[in-house]
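Breakdown of the fold
Given next are the chains, with one letter for each unit.
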Amino acid sequence: MSSKELDLQHVETISLFPIRFAVGWMWLDGGLRKALLKPAKLDPNSPSFVLNKVVTFLPHAGVFRPELISFLENPSLGATFLTIFSWFEILVGLFLIIGFLTRLWAFIGSAMAVSLAPAAWLGSTCEDEWQIFSLLLAGGVTLMLAGAGRYWGVDYFLYKKFGDRGIFQNVPILKWIKLW
Amino acid sequence: MSKAFTVAAAIFSLIVIILILVVGQVSYGNVVGPLFNNSKKPKIIICPENTELYNIGNSTFLRLNITDIDGPDAYPASVTMIVIKNSTFTLILNTEALSKSVVNITKAPWDLKKAVGYNNYSGIYLCLGTDAVFTLKLPVHLYAGSYEVILYVPALPHADYSTTLTLLNH
C-alpha cells in the first residue's frame, strides 16, 4: 500500500473517533445519571424513579404499550430492568469511548436505541426523542460495521496481538463478523 | 472489502433507513406528511364508563374519569374550569372551586407519584399518559335531567372537551 493510500485510510479510520465518543458519551451519560450520580432514579419508592417517565410514553406507544404497562404495574420488575439497562448504558458508553470490542458494544447499543422507539413521538418543541433515537441507531450501526477504526482504542492493541479474526472462526456467518 | 461485508453493510444501512423513516412518519408525519406533533397540545379524553352525575341525599357528585393522551411530557395538563349546564342552568367551577370540590381521586394502577392532583392554581391536573377518576362534590344540588359537562384546558389554540351526562334521582 502506498503512503498516499495509507494516509487516506488513516484519515478514514481516525475520523470514527468523534462518532465513538459522541455515541459513547450519550450512553455513558444516561447510565451514569441513573446508576451512580442519582441512584434515587432507580428506586421505586422515590419520586425521581425513572420508570415514572415511562407513563408519558404510553399514549402513542403502539404495539409496545402492553409491555410498558406490565413494567409500570410491577415497579420492582421495572426497577430491575432499568438497573440492568443503566449498567448496559455505562458499559456500552465506556467501551465505545475506549474502543474495546467496539463492534459488539455498538451492536448492543443499536438494539438499545431501537428500544427508545415508543418514546419517539415525544418532543413538544421539536422532534427530540426521534432525533436521539435516529442518531444513536445510525451511530451504533456505523460503529458496528466499521469497528473502532483501529485508532485510539483498545481494539488496536487486540488487533496487533491477535490479528484480524471473526467471533468464531469455524461458524459460517460468525466468522465474517470481526471482533475488532 | 469482502462481498460479505458489503452485503452486511447494505442490509444494516437499509434497516437504519427504514427504521428512521418509519418511526419519523408514525411519530410526526415528517416523511410524506401531513405534519403533526402529538406532544404539543394537551388532549383530555373523558372516559364514559366511569363518568357520571349522581345525587346522595342533598348533595350532587360528579365522577369524572379522564386521561391525558397528548401534550408535553414535562408538565401536567390542567383542567382549569368545568362548566355544567343545561338549557336553564349553568354552573361554573373555576380552579379554586374545583380544588375545594374534589373529595376523592382514584389513580390508574400504573400511575406515577405526584402525577395527579388538584390545587387552587391549576384546578385538577394529571400527567401525560395517566388516567384518573376524580370525584367532585358540587357546591349546589342538581335536579334530575340531562347536563352538558365541559372541561376547559389551557392551550393554544383553545381546547375544551365535553360530554353529556344524565342525572337520575336515586
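First things first, this report covers the structure right here in the doc. Everything quoted here is computed from the prediction, not taken from an experiment.

**A short note on the overall build of chain A**
A count of helical and extended segments in chain A gives 8 helices and 0 strands. Secondary structure elements of chain A, listed N to C terminal, follow the sequence α-α-α-α-α-α-α-α. Taken along its principal axes, the extent of the C-alpha atoms in chain A is 60 × 35 × 35 Å. A burial count over chain A gives 41% of its 180 residues as buried. Restricting the contact set of chain A to residue pairs at least 6 apart, pairs at least 24 apart contribute 61%. A total of about 9,500 Å² of accessible surface is found on chain A, and carbon and sulfur atoms cover 69% of it.

**Observations concerning the pattern of salt bridges**
Throughout the structure, instances matching the rule amount to 4 salt bridges over all chains. Salt-bridge contacts for Glu89 of chain A lead to Lys34 of chain A; the nearest nitrogen and oxygen are separated by 2.8 Å. Placement of the pair is Glu89 of chain A in helix 5 (residues 75-98) and Lys34 of chain A in helix 2 (residues 16-37), with a sequence separation of 55 residues. Pair check on accessibility: Glu89 of chain A and Lys34 of chain A agree, each one buried. Measuring nitrogen to oxygen at the nearest pair gives 2.1 Å for the salt bridge that ties Arg63 of chain B to Glu52 of chain B.

**Quick word on the nonpolar core**
Membership of the largest hydrophobic core comes to 32 residues, with the highest contact counts inside it found for Leu62, Ile66, Ile82, Ile84, Leu136, Leu138 and Leu151 of chain B. With near-sequence residues (within four places) excluded, Ile66 of chain B lies in contact with Ile44, Ile45, Ile46, Val79, Ile124, Leu126, Thr130, Asp131, Ala132, Phe134 and Leu151 of chain B. Among the nonpolar cores identified, the runner-up in size contains 28 residues, and Ala113, Ala120, Met144 and Leu145 of chain A belong to it.

**Observations concerning the packing of helix 2 of chain A against helix 7 (residues 128-146) of chain A**
All names here are of chain A. Two elements in contact, helix 2 and helix 7, have axes separated by 10 Å at closest approach and are oriented at 130°. Between helix 2 and helix 7, the angle falls in the class oblique. For the crossing formed where helix 2 meets helix 7, the hand is left-handed. Contact residues: Leu16, Ile19, Arg20, Val23, Met26 and Trp27 in helix 2; Leu136, Gly139, Thr142, Leu143 and Ala146 in helix 7. In the contact of helix 2 with helix 7, the residues fall into 8 nonpolar, 2 polar and 1 charged.

**Considering the packing of helix 6 (residues 102-114) of chain A against helix 7 of chain A**
All names here are of chain A. Close contact between helix 6 and helix 7 brings their axes to 8 Å; oriented N to C, the two are set at 155°. Between helix 6 and helix 7, the crossing angle belongs to the class labelled roughly antiparallel. Crossing of helix 6 over helix 7 shows left-handed handedness. Residues Thr102, Arg103, Ala106, Phe107, Ser110, Ala113 and Val114 of helix 6 touch helix 7, and the partners they reach there are Phe133, Leu136, Leu137, Gly140, Val141, Leu143, Met144, Leu145 and Ala146.

**Description of unusual backbone geometry**
Cis peptide bonds are those with omega within 30 degrees of zero, and the linkage from Gly33 of chain B to Pro34 of chain B qualifies with -10°. Tracing the backbone shows Pro34 of chain B in the loop between helix 1 (3-28) and strand 1 (43-46). The backbone of Leu101 of chain A shows a phi angle near 45°, a positive value even though the residue is not glycine. On the secondary structure map, Leu101 of chain A appears in the loop between helix 5 and helix 6.

**Focus on the interface of chain A and chain B**
At the junction of the two partners, chain A supplies 34 residues and chain B supplies 30 residues. Between chain A and chain B, the buried area comes to about 2,700 Å², and carbon and sulfur atoms account for 69% of it. Where chain A packs against chain B, one counts 1 salt bridge. A salt bridge links Asp73 of chain B to Lys53 of chain A, with the nearest nitrogen and oxygen atoms 2.3 Å apart. Taken together, the connections running from chain A to chain B amount to 11 residue pairs in polar contact (both at pLDDT 80 or more). Those elements that provide at least two residues to the side of chain A that touches chain B are helix 3 (51-54), helix 4 (65-73) and helix 7 of chain A. Looking at the side of chain A that touches chain B, the element that brings in the most residues is helix 7 of chain A, giving 9 residues. Per-class residue counts for the side of chain A that touches chain B are 21 nonpolar, 8 polar and 5 charged.

Criteria and thresholds
- Residues numbered from 1 in each chain as written.
- Chains lettered and ligands numbered in written order.
- Predicted model: local features only at pLDDT ≥ 70, side-chain atom pairs only at ≥ 80, totals over all residues.
- Heavy atoms only, no water.
- Helix = DSSP H or I, 4+ residues; strand = E, 2+ residues; numbered from the N terminus.
- Buried < 20%, exposed > 50% of the residue type's maximum accessible area, 1.4 Å probe, protein only.
- Contact = heavy atoms within 4.5 Å.
- Areas by Shrake-Rupley, 256 points an atom, 1.4 Å probe, with all protein chains shown as cover.
- Salt bridge = Lys/Arg side-chain N within 4 Å of Asp/Glu carboxyl O.
- Core = buried A, V, L, I, M, F, W, Y, C linked by side-chain atoms within 4.5 Å.
- Axes fitted to C-alpha atoms, helices over the stretch in contact; angles between N-to-C directions.
- Parallel < 35°, antiparallel > 145°, perpendicular 65-115°, else oblique.
- Left-handed = near helix turned anticlockwise from the far one by under 90°.
- Nonpolar A, V, L, I, M, F, W, Y, C, P; charged D, E, K, R; others polar.
- Buried area = accessible area lost by both parts, 1.4 Å probe.
- Polar contact = N/O pair within 3.5 Å; in protein donor to acceptor, adjacent residues only side chain to side chain.

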